[in-house]
Amino acid sequence: MYVCICNAVTDKQIRRAVADGAQSMRELRKQLGVCSDCGKCGPCAREILRDERLEQAALLNACPAA
């Protein structure tokens, strides 16, 4: 789904950016342009960022140490 209409950014693009290392809204703004125009996408983008980071942390904690 489109999260940022102004810059045509989808939730999948945000998830991919987080998977590729984006850790903050500032990084998402720099990479994708999220929240750089009207700002209405901010809460949704922030929620996706948080959820993806939590999922990454859960996966890291679930993997046994080598």
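Residues numbered from 1 in each chain as written. Predicted model: local features only at pLDDT ≥ 70, side-chain atom pairs only at ≥ 80, totals over all residues. Heavy atoms only, no water.

1. Section: the environment of asparagine 61
1) Next: Following the sequence through the fold, asparagine 61 ends up in helix α3 (residues 42-62).
2) Next: Sequence separation between asparagine 61 and lysine 30 is 31 residues; the distance between their C-alpha atoms is 29 Å. (Helix = DSSP H or I, 4+ residues; strand = E, 2+ residues; numbered from the N terminus.)

2. Digging into the confidence of the model for the protein chain
1) Next: Residues with a pLDDT of 70 or more make up 94% of the protein chain, whose mean pLDDT is 93.
2) Next: Across the protein chain, the element-wise mean pLDDT spans from 93 in α3 up to 98 in strand β2 (residues 9-10). (pLDDT = per-residue confidence, 0-100.)

3. Details of the nonpolar core
1) Next: With 15 residues, the main nonpolar core has Val3, Ile14, Met25, Leu28, Val34, Cys41 and Ala45 as its most contacted residues.
2) Next: Where this core is concerned, the elements lending two or more residues are β1 (2-4), α1 (11-19), α2 (25-32) and α3.
3) Next: Leave out the neighbours within four places in its chain, and isoleucine 14 touches Val3, Val9, Leu28, Leu32, Val34, Ala45 and Ile48. (Core = buried A, V, L, I, M, F, W, Y, C linked by side-chain atoms within 4.5 Å. Buried < 20%, exposed > 50% of the residue type's maximum accessible area, 1.4 Å probe, protein only. Contact = heavy atoms within 4.5 Å.)

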